[in-house]
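Descriptive analysis of the structure
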Amino acid sequence: MIGDGIEDEEKWLAEGIAGLQQNAFYMHRALDSNNLRDALKYSAQMLSELRTSRLSPHKYYELYMRAFDELRKLEMFFKEETKRGCSVIDLYELVQHAGNILPRLYLLCTVGSVYIKSKEAPAKDVLKDLVEMCRGIQHPVRGLFLRSYLSQVSRDKLPDIGSEYEGDADTVMDAVEFVLQNFTEMNKLWVRMQHQGPAREKEKREKERNELRDLVGKNLHVLSQIEGVDLDMYKDTVLPRILEQVVNCKDEIAQYYLMDCIIQVFPDEYHLQTLETLLGSCPQLQATVDIKTVLSQLMDRLSNYAASSGEALPEFLQVEAFAKLSNSIGKVIEAQVDMPVVGAISLYVSLLTFTLRVHPDRLDYVDQVLSACVKKLSSKAKLEDSRATKQIVALLSAPLEKYNDIGIALKLSNYPRVMDHLDSATNKVMAVVIIQSIMKNNTCISTADKVDALFELIKGLIKDLDGTPVEELDEEDFKEEQSSVARLIHMLHNDDPEEMLKIICTVKKHILTGGPQRLPFTVPPLIFSALKLVRRLQGQDGDVVGEDQAATPKKIFQLLHQTIEALLSVPAPELALRLYLQCAEAANDCDLEPVAYEFFTQAFILYEEEVADSKAQVTAIHLIIGTLQRMNVFGVENKDTLTHKATGYSAKLLKKPDQCRAVYACSHLFWLDDQEGLKDGERVLLCLKRALRIANAAQQMASATRGSGGPVTLFVEILNKYLYFFEKGNPQITSTAIQGLVELINTEMQSDTTTSDPSADAFFSSTLRYIEFQKQKGGTMGEKYEPIEFDNIVLFWKATIISATSRSLCI
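Residues numbered from 1 in each chain as written. Predicted model: local features only at pLDDT ≥ 70, side-chain atom pairs only at ≥ 80, totals over all residues. Heavy atoms only, no water.

Observations concerning the overall build of the protein chain
- For the protein chain, the count of helices and strands is 39 helices and zero strands.
- In summary, the protein chain has a C-alpha radius of gyration of 47 Å against a globular reference of 28 Å for 811 residues, an excess of more than 25%.
- Here the protein chain holds 811 residues, and the buried ones make up 51% of them.
- Averaged over its 90 positive side-chain charges, the protein chain has a centre that lies 3 Å from the centre of its 115 negative ones. (Helix = DSSP H or I, 4+ residues; strand = E, 2+ residues; numbered from the N terminus. Rg over C-alpha atoms; globule rule 2.2 N^0.38 Å. Buried < 20%, exposed > 50% of the residue type's maximum accessible area, 1.4 Å probe, protein only. Lys, Arg positive; Asp, Glu negative; His and termini not counted. Charge placed at Lys NZ, Arg CZ, Asp CG, Glu CD.)

See the structure below:
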């Protein structure tokens with residue numbers, strides 16, 4: 001049926017165009033022969049084709065444009081006739097004898113244009129007559145196009161200031177009256193279209209009306225172009241008359257379009273000076289009108305006007321633009337009780353954007369907008385509309401983008417209250433936006449109060465909201481979120497140690513509520529931030545007496561101890577152990593032996609009780625040894641205790657190679673270059689011999705289980721340790737011991753039971769070259785290496801000799 005309707009319409013249009021062209025042909029022939037009577041006859045028949053009611057507005061427009069082109073030619077003929085002596089008054093009366101009213105009025109408008117141009121009568125009288133006569137057509141489509149034609153032929157003939165048709169002092173008012181009357185009648189016809197036809201064709205009629213809306217809107221454009229319409233006339237006459245028609249028509253499509261037209265066609269300064277009148281009509285519009293878009297466009301225009309002209313800013317203050325806009329938005333929201341929450345929030349977003357552009361220095365205005373938004377959200381249940389949450393994110397992001405300073409946002413009391421209305425997921429999105437703003441602008445948060453307020457804002461990342469378990473979150477997203485929090489902690493700084501300690505305590509209070517899965521991400525940056533403060537306070541002393549005690553290393557170390565203990569609930573023993581060792585090293589630098597010893601004690605307890613994985617144990621023991629080696633605060637007793645513990649744990653590792661490497665690493669604990677009192681050559685030698693015994697045992701175990709010994713890498717590594725301490729001047733490490741170890745390695749490499757390993761061979765070869773290099777270099781070191789000879793190395797020893805040699809070295 002739709003297809004048949006389209007085909008019928010095409011047929012009707014073709015028939016109409018054919019009839020119009022046929023009559024236009026005869027009209028042209030009459031015009032060429034100066035036959036006025038026949039020209040009027042055929043022109044009336046031609047225009048009768050516009051009487052059809054079978055065409056849609058789109059198709060009717062095609063027919064109208066063909067008729068319009070012919071009417072322009074007819075108008076030129078009428079002008080020529082008046083020049084040849086034909087009275088335009090007689091012509092004006094003659095065309096009124098046309099049989100049908102629609103052709104008669106088209107001809108009347110055409111002659112009326114010539115009549116005005118002849119100036120034989122005041123333009124205002126002719127225009128008034130024409131606009132009144134056009135009332136004779138009440139069919140919506142035919143009437144709209146007729147009045148559009150009237151507007152088209154008269155727009156350059158209005159009695160405006162400076163126009164050739166200007167008359168007495170009231171001529172501008174006459175022009176305005178003519179356009180307003182034509183606009184009013186056109187709008188009535190346009191609205192009437194909505195109520196014609198069956199209800200099932202409502203959407204079709206709305207589409208057709210939208211196709212014709214520009215015909216109505218052109219009247220407002222003509223009004224805006226009248227030179228004599230100044231601000232006073234616009235304020236007193238033009239705008240009230242237009243708004244009266246807009247409100248009274250009670251039509252959703254017309255109200256939305258006409259309000260948009262008013263905003264777009266008239267000057268910004270006019271809008272600013274008539275803001276109260278314009279905004280006063282908004283609550284009177286139909287509830288279904290998309291008033292949020294209208295107001296948003298108005299605020300965008302005004303804010304652009306303020307941005308483009310700095311001189312306009314005093315006007316905004318003078319007319320109290322913000323107060324009027326805010327009040328109007330409140331009234332609109334109250335009047336439209338069914339307005340979706342997303343519509344209300346989008347209005348507040350536009351108002352906030354306007355405020356930030358026009359009054360960036362007025363934080364109280366910004367807070368008022370946020371307060372109004374909170375009031376609206378408080379009356380609703382938890383937001384579930386994704387569009388509404390996006391609008392709230394836009395609302396909260398606007399101050400950050402404008403000021404590039406989270407500190408300003410923290411001054412807004414209603415900012416966190418708006419965030420409280422976000423669901424958990426959107427709260428996190430907004431928290432990430434806040435952190436990204438801080439990072440992008442390199443903002444330093446420098447007081448504990450600001451830190452507390454900031455962490456309240458981003459609490460969606462700090463802890464679970466609404467009972468949402470972390471397990472339901474995407475792992476990669478969760479890691480990225482927590483990493484951003486960790487980076488944020490490093491942005492918190494104050495040069496005053498006491499304030500910095502307050503900041504650290506505030507952060508601690510917040511992050512410890514985050515649950516076991518967040519702590520491994522958030523505790524380390526807090527620990528290192530506190531350690532940075534410790535370094536600044538290095539050298540200060542004093543016992544912690546109370547909460548008001550000034551920041552001291554001891555007080556900070558107490559806080560650090562409590563914070564790391566929280567990791568034990570995760571559990572994250574390896575991370576806690578690393579942090580204990582970091583704190584021990586910092587305590588060493590502060591010359592706090594009891595504190596350093598306590599941190600080491602906690603690290604050993606964790607190692608004993610919590611670190612069960614063999615690989616983790618290896619890593620942990622090497623960290624312990626490395627840290628202990630750098631400690632110089634311990635007395636002999638504490639040093640011996642910790643060293644003995646480290647050496648004992650090293651020898652108890654699961655795998656022999658791991659034992660060997662850990663034990664020979666312990667040798668460095670007994671020979672510290674920067675501490676003359678801690679150079680015990682005998683204990684160094686004992687560690688190396690013990691490592692050699694473990695390496696030999698590993699070789700024998702490999703031979704017993706696999707039928708062949710493992711590579712000699714461990715022996716070469718121990719040889720290098722021998723060389724290190726030999727060069728350092730350890731009297732217990734002799735050239736004879738080194739030469740014996742070289743011979744042992746060489747023999748092992750030649751053994752049939754030893755697994756060949758190119759890397760081990762290269763390692764040993766490089767070591768031998770190093771020894772030769774030291775001998776050839778000469779000097780004191782060359783003399784030390786001189787006794788070591790390789791020429792007499794026996795390449796093939798019997799197994800008994802090998803065993804005896806290895807046993808003698810391991811004694």
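Let's talk about helix H7 (residues 140-154)
- Between its terminal C-alpha atoms H7 stretches 21 Å, which fits the 21 Å expected from 15 residues at 1.5 Å a residue.
- Extensive coverage of H7 is indicated by the burial of 14 of its 15 residues. (Expected span 1.5 Å × (residues − 1).)

So, the environment of Val451
- Looking at where Val451 falls in the secondary structure, it is placed in helix H23 (residues 448-457).
- A C-alpha to C-alpha distance of 34 Å links Val451 and Leu623, two positions 172 residues apart in sequence.
- Dropping the residues within four chain positions of it, Val451 is found in contact with Ile445, Leu492, Ile503, Thr506 and Val507. (Contact = heavy atoms within 4.5 Å.)

Some points on the environment of Met173
- If you trace the backbone, Met173 turns up in helix H8 (residues 171-192).
- With 55 residues separating them along the chain, Met173 and Gly228 place their C-alpha atoms 8.4 Å apart.
- Apart from the residues within four sequence positions on either side, Met173 is in contact with Met233 and Thr237.

Let's talk about the packing of aromatic side chains
- Summed over all chains, the structure comprises 26 aromatic pairs.
- With centroids separated by 6.2 Å and ring planes inclined at 40°, the aromatic side chains of Phe600 and Phe604 adopt a geometry described as tilted. One end of the pair, Phe600, and the other, Phe604, are both in helix H30 (residues 593-609), four residues apart, so they sit about a helical turn from each other. As far as burial versus exposure is concerned, Phe600 and Phe604 are alike and both buried.
- Residues Phe600 and Phe634 carry aromatic rings whose centres are separated by 6.0 Å and whose planes lie at 70° to one another, so their mutual orientation is edge-to-face. Placement of the pair is Phe600 in helix H30 and Phe634 in the loop between helix H31 (614-629) and helix H32 (636-651), with a sequence separation of 34 residues. The residues Phe600 and Phe634 share a single accessibility class, namely buried.
- Cluster of aromatic residues (ring-pair linked, three or more members): Tyr60, Tyr61, Tyr64, Phe68, Tyr106, Phe145 and Tyr149.
- Residue placement shows Lys119 over the ring face of Tyr165; its charged tip is 5.7 Å from the ring centre. (Phe/Tyr/Trp six-rings, centres within 6.5 Å; stacked < 30°, edge-to-face > 60°. Lys NZ or Arg CZ within 6 Å of the ring centre and 35° of its normal.)

Structural notes on the side chain of Thr627
- You can see Thr627 is positioned in helix H31.
- Contact partners of Thr627, with chain neighbours within four places excluded, come to Leu581, Glu585 and Phe600.

As for the packing of helix H17 (residues 341-358) against helix H19 (residues 386-403)
- Look at H17 against H19: their axes get within 8 Å of each other, and the N-to-C directions meet at 10°. On the basis of their axis angle, the class for H17 and H19 is roughly parallel. Contacts between H17 and H19 pair Val341, Val342, Ile345, Ser346, Tyr348, Val349, Leu352 and Leu356 from the former with Arg387, Ala388, Gln391, Ile392, Ala394, Leu395, Ala398, Pro399, Lys402 and Tyr403 from the latter.
- Split by residue class, the contact of H17 with H19 holds 14 nonpolar, two polar and two charged. (Axes fitted to C-alpha atoms, helices over the stretch in contact; angles between N-to-C directions. Parallel < 35°, antiparallel > 145°, perpendicular 65-115°, else oblique. Nonpolar A, V, L, I, M, F, W, Y, C, P; charged D, E, K, R; others polar.)

Quick word on helix H9 (residues 202-225)
- Taking 1.5 Å of rise per residue, 24 residues should cover 34 Å, and H9 covers 35 Å from first to last C-alpha, within 8% of that figure.
- Maximum bend of H9: about 40°, positioned at Leu212.
- Looking only at H9, the buried set comprises Arg205, Glu208, Arg209, Leu212, Leu215, Val216, Gly217, Asn219, Leu220, Val222 and Leu223.
- Of the surrounding secondary structure, the elements contacted by the buried residues of H9 are helix H3 (57-83), H7, H8, helix H10 (231-249) and helix H11 (252-265). (Bend = angle between axes of the 7 residues up to and from the residue.)

With respect to the pattern of salt bridges
- Applying the stated criterion across every chain, the model contains 27 salt bridges.
- One salt bridge in this structure joins Glu164 and Lys119, with 3.3 Å as the shortest N-O distance. Of this pair, Glu164 sits in the loop between H7 and H8 while Lys119 sits in the loop between helix H5 (101-118) and helix H6 (123-133), placing them 45 residues apart in sequence.
- A relative accessible area of 47% means that Lys119 is categorised as partly exposed.
- Close ionic contact of Glu717 with Arg661 constitutes a salt bridge, the shortest N to O distance being 3.1 Å. With a gap of 56 residues between them, Glu717 in helix H35 (residues 713-727) and Arg661 in helix H33 (residues 656-666) connect regions that are remote in the sequence. (Salt bridge = Lys/Arg side-chain N within 4 Å of Asp/Glu carboxyl O.)

Describing the nonpolar core
- If you look at the biggest cluster of nonpolar residues, it comprises 273 residues, and the most contacted ones within it are Ile262, Tyr415, Ile434, Phe455 and Phe557.
- A per-element tally of this core places H17 first, with twelve residues. (Core = buried A, V, L, I, M, F, W, Y, C linked by side-chain atoms within 4.5 Å.)

Things to note about the side chain of Arg142
- On the secondary structure map, Arg142 appears in helix H7.
- For the buried Arg142, which has no salt bridge, the nearest side chain bearing the opposite charge is Glu49, at an N-O separation of 11 Å.
- From its side chain, Arg142 meets the backbone oxygen of Arg51 in a polar contact 2.8 Å long.
- Excluding residues within four positions of it along the chain, Arg142 makes contact with Leu50, Arg51, Thr52, Ser53, Tyr60, Leu102, Tyr106 and Ile137. (Polar contact = N/O pair within 3.5 Å; in protein donor to acceptor, adjacent residues only side chain to side chain.)

A few points about the state of the cysteines
- Counting across every chain of the model gives zero disulfides.
- Sulfur of Cys261: no disulfide; nearest cysteine sulfur belongs to Cys249 and is 12 Å away.
- What makes Cys261 buried here is its relative accessible area of 9%. (Disulfide = S-S within 2.5 Å.)

Focus: the confidence of the model for the protein chain
- Mean pLDDT over the protein chain: 87, with 92% of residues reaching 70 or higher.
- The model gives residues 542-548 a pLDDT under 50, and that stretch makes eleven contacts with residues more than four places away or in other chains.
- A low-confidence stretch, residues 792-811 (pLDDT under 50), is modelled with 27 contacts involving residues beyond four sequence positions or located in other chains. (pLDDT = per-residue confidence, 0-100.)

Concerning unusual backbone geometry
- With omega at -10°, the peptide bond leading from Val570 into Pro571 counts as cis.
- With respect to the helices, strands and loops of the structure, Pro571 is situated in the loop between helix H28 (553-565) and helix H29 (573-589).
- The phi dihedral of Glu320 falls on the positive side, at around 55°, and the residue is not glycine.
- With respect to the helices and strands, the residue Glu320 is situated in the loop between helix H15 (313-318) and helix H16 (321-335).
- By relative accessible area, which is 51% here, Glu320 ends up exposed.
- Its identity as a non-glycine residue notwithstanding, Asn404 has a phi of 50°, on the positive side.
- Following the sequence through the fold, Asn404 ends up in the loop between H19 and helix H20 (406-410).
- Judged by its relative accessible area of 37%, Asn404 falls in the partly exposed class.

A few points about the packing of H10 against H11
- Relative orientation of the contacting elements H10 and H11 amounts to 160°, with a least axis distance of 8 Å. Taken as axis vectors, H10 and H11 run roughly antiparallel relative to one another. Classified by chirality, the crossing of H11 by H10 is left-handed. For the pair formed by H10 and H11, the contact residues are Tyr234, Leu239, Ile242, Leu243, Val246, Val247 and Cys249 on the first element and Ala254, Gln255, Leu258, Met259 and Ile262 on the second.
- Class assignment for the residues of the contact of H10 with H11 results in eleven nonpolar, one polar and no charged. (Left-handed = near helix turned anticlockwise from the far one by under 90°.)

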